[in-house]
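# Observations on the model geometry
Below are the chains, spelled out letter by letter.
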Amino acid sequence: MLYVHFHSTAEDTYDGLLALLAEITPAVQALPPDAALMDVRGAVRYFGHGPEELGALVRVRALARYGVDCTVGVAANPMLARMVARDGAPGAVRTLTGSPEHVAAFLARKPVAALDGVGPATARTLCSYGLDSVGRVADAPLSALQRILGAAAGRRIHERARGIDPTPVAPDERARSIAAEHRFPYDELDPDYRRRALVTLADELGARMREGGQVARGLKLTVRYADGSSTTRSRAFPEPTAHTPDLVAAAYALHGALALQRARVRALALRAEGLGDARNAAHQLTFDPEDDKARRVEEAVDRARARFGMAAVGPASTLRSDPRTDPRTGPNAA
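Summary of the structure given here. Numbering of residues begins from 1 in every chain and follows the order in which that chain's sequence is written. Given that the model is predicted, a residue must reach a pLDDT of at least 70 before its local features are reported, and side-chain atom pairs must reach 80 or more before they are shown or counted; all residues, however, enter totals for whole chains, interfaces and linings. With hydrogens and water set aside, each side-chain value is computed from the structure's full complement of heavy atoms.

What follows concerns the packing of aromatic side chains. One pair of aromatic rings is described through two measures. These are the centre distance and the angle between the planes. Only rings of Phe, Tyr and Trp enter the pairing, Trp through its six-membered ring, and a pair is recorded when the two centres are within 6.5 Å. The plane angle decides the type: under 30 degrees is stacked, over 60 is edge-to-face, the rest tilted. By the definition in use, this model includes two aromatic pairs. Look at Y46 and F47: their rings are 5.0 Å apart centre to centre, the planes differ by 85 degrees, and that puts the pair in the edge-to-face class. For every residue, the accessible area (1.4 Å probe, protein chains only) is compared with the maximum for its type, and the residue is labelled buried under 20%, exposed over 50%, or partly exposed between those bounds. With relative accessibility at 68%, the residue Y46 sits in the exposed group. Taking relative accessible area as the criterion, F47 reaches 36% and is therefore assigned partly exposed. Between F184 and Y193, the aromatic rings sit 5.9 Å apart at their centres with planes inclined by 45 degrees, giving tilted as the arrangement.

Laid out in structure tokens, this is it:
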């Protein structure tokens, strides 16, 4: 299994990089905005090269064609591949052998928050019981973890602390989703400022979908933390939508459910998933005059942006209107 993290990619470049990976194996799962998973078991047999050699080939081709370097993690499953890729400075091929001893030694001293599926709230809960490292979680009885976290979550965390991740690589169609990301210039602790970032991202996604005549069936939020770990949550819409208030409400709900009061957030990404043709999407009629008014305002905003550009008009609570980012009123204003 290969986890590939690209450095500094625009979305059009990302599409090309995914196509580059597909030249090696069709089992490529996009992890927007800047990563991908590759199941190279078939490619190893076909090309006669080991996973490390295929990872080096990916780096060379990405640099040669797009000028983009990448970090490649090689391990037995997606979770371990992600973790070994993040274990060190960027720009290398890192390998974790599949022996239980090597896996246990690699995981033992990692903070519990480094495990996939362990967000800040779960990490705080585990740490309150003294389970602050992956090694301690691995040594804890399954029954104890299930009492602390619940039956399903306790079993999942127990397995991952022992290096077990049965999640398969799921190749998907890139055209069926679009993403937007905001990277903070420093670790962001202010929840209000993070919500402004979410409004900005949701506004961008809504505008892009409406321009392309598309609607989304769901929304995915990815939160990247200062220690390199991340948390992902998804929510399905009651009906397909490209309405910005619907996207904002879903983004707020996903963000609020993570309980990130003290989290040091490095980046936020929203992904609109299950895209379809807006002409074929059903819309529940409503007699709410406020909803009708909001949709008419949205249509006017789209017309203004089509004529004058994206920055011409938009919601008042985006980052573009925040004093910290507005050069006219921010700390660097004249």
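Structure's up, so let's keep going.
Attention now goes to the sheet that holds strand β4 (residues 70-74). Note: strands within a sheet are paired through backbone hydrogen bonds, in either parallel or antiparallel orientation. Each pair of strands is called paired provided DSSP finds at least two bridges between the two strands. Note on conventions: DSSP H or I runs of at least 4 residues are helices, E runs of at least 2 residues are strands, and numbering of each starts at the N terminus. Here we have five strands laid out as an open sheet, ordered β2-β3-β1-β4-β5, and mixed in their pairing. With partners counted over all chains shown, the strands left at the sheet margins are β2 (28-31) and β5 (93-95), one partner each. The average angle at which neighbouring strand axes cross in this sheet is 15 degrees, direction not considered. Relative to β5, β4 is paired through three bridges, and the arrangement is parallel. Bridging across to β5, G73 finds its partner in R94. Residues count as neighbours in contact if any of their non-hydrogen atoms are within 4.5 Å of one another. Think of each axis as a best-fit line through the C-alpha atoms, taken over the contacting stretch in the case of a helix, with angles from 0 to 180 degrees between the N-to-C directions. Sheet strands in contact with helix α3 (residues 51-66) are β1 (2-6), β3 (35-38), β4 and β5, and its direction is about 170 degrees off that of β4. Packing against the sheet, helix α4 (residues 78-85) makes contact with β1, β2, β3, β4 and β5, and its axis sits at approximately 135 degrees to β4.

Our focus in this paragraph is the packing of helix α10 (residues 191-211) against helix α11 (residues 244-257). Across the interface, α10 lies against α11 with an axial gap of 8 Å and an inter-helix angle of 145 degrees. Here α10 and α11 pass one another in a crossing that is right-handed. Across from P191, R194, R195, L198, V199, A202, D203, L205, G206, M209 and R210 in α10, the residues of α11 making contact are T244, L247, V248, A251, Y252 and H255. Within the contact of α10 with α11, the residues separate by chemical class into ten nonpolar, three polar and four charged. Left-handed describes a crossing whose near helix is turned anticlockwise from the far helix by less than a right angle; the clockwise case is right-handed. Gly is placed with the polar residues, together with every amino acid not listed as nonpolar (Ala, Val, Leu, Ile, Met, Phe, Trp, Tyr, Cys and Pro) or charged (Asp, Glu, Lys and Arg).

With that settled, the discussion passes to the pairing of strand β9 (residues 265-273). The buried fraction of β9 amounts to seven of the nine residues, a majority that puts the element mostly inside the structure. Sheet topology places strand β7 (residues 214-225) next to β9; eight bridges connect them, and they run antiparallel. Its bridge partner being in β9, L221 is matched across the sheet by L270.

Glancing now at the environment of D187. Tracing the backbone through its elements, the reader meets D187 in strand β6 (residues 177-188). Distance in space between the C-alpha atoms of D187 and A263 is 8.8 Å, their sequence separation being 76 residues. If near-sequence neighbours (up to four positions away) are discounted, D187 is found in contact with A226, R264, V265 and R266. By the criterion applied in these results, polar contacts are pairs of N or O atoms within 3.5 Å in which, for protein atoms, one can donate a hydrogen and the other can accept it, and in which residues neighboring in sequence qualify only through two side-chain atoms. Of the polar contacts made by the side chain of D187, one reaches the side chain of R264; its length is 3.3 Å. In this structure the side chain of D187 is engaged in a polar contact, spanning 2.7 Å, whose partner is the side chain of R266.

This next bit is on the side chain of K110. The topology assignment puts K110 in the loop between α5 (100-108) and α6 (120-128). Accessibility expressed as a relative area gives 17% for K110, which makes it buried. A distance of 2.7 Å separates polar atoms of two side chains, one belonging to K110 and the other to D87. Discounting chain neighbours no more than four positions away, the residues touching K110 are M83, D87, D132, S133 and V134.

Only protein atoms enter the 1 Å grid used here. Points where a 1.4 Å probe fits but cannot escape make up a cavity, open sets with protein on both sides within 12 Å along at least five of seven lines make up a pocket, and a residue lines them when an atom lies within 4 Å of a point. Grid points are joined across faces, edges and corners, and a volume is the space filled by probe spheres set on the points. Roughly 640 Å³ of volume is contained in the second largest pocket. Every residue lining the second largest pocket is counted, 25 residues in all, and those nearest its centre are H5, R86, D227, G228 and S229. Element by element, the count of residues in the lining of the second largest pocket is highest for β1, at three residues. Classifying every residue of the lining of the second largest pocket by side-chain character gives ten nonpolar, seven polar and eight charged.

This part is about α4. Residue pairs spaced three or four apart in an α-helix point in one direction, given the helix's 3.6 residues per turn. Taking burial as the measure, the eight residues of α4 include eight buried ones, the bulk of the element. Those residues of α4 not exposed but buried are P78, M79, L80, A81, R82, M83, V84 and A85. Capping the start of α4 is the job of one residue whose side-chain oxygen sits 3.2 Å from the backbone nitrogen of M79: N77.

Once that is clear, we can look at α3. Between its terminal C-alpha atoms α3 stretches 22 Å, which fits the 22 Å expected from 16 residues at 1.5 Å a residue. Within α3 the residues assigned to the buried category are L54, G55, V58, R59 and A62. End-on view of α3: buried residues confined to an arc of 145 degrees, all on one side of the axis. Away from the buried face of α3 by more than 90 degrees, exposed residues V60 and A64 are located. One or two steps after α3, the chain reaches G67, where phi turns positive at roughly 65 degrees. One less than the number of residues in a helix, times 1.5 Å, gives the span that helix is expected to have. Here the arc refers to the directions that run from the helix axis out to each C-beta atom.

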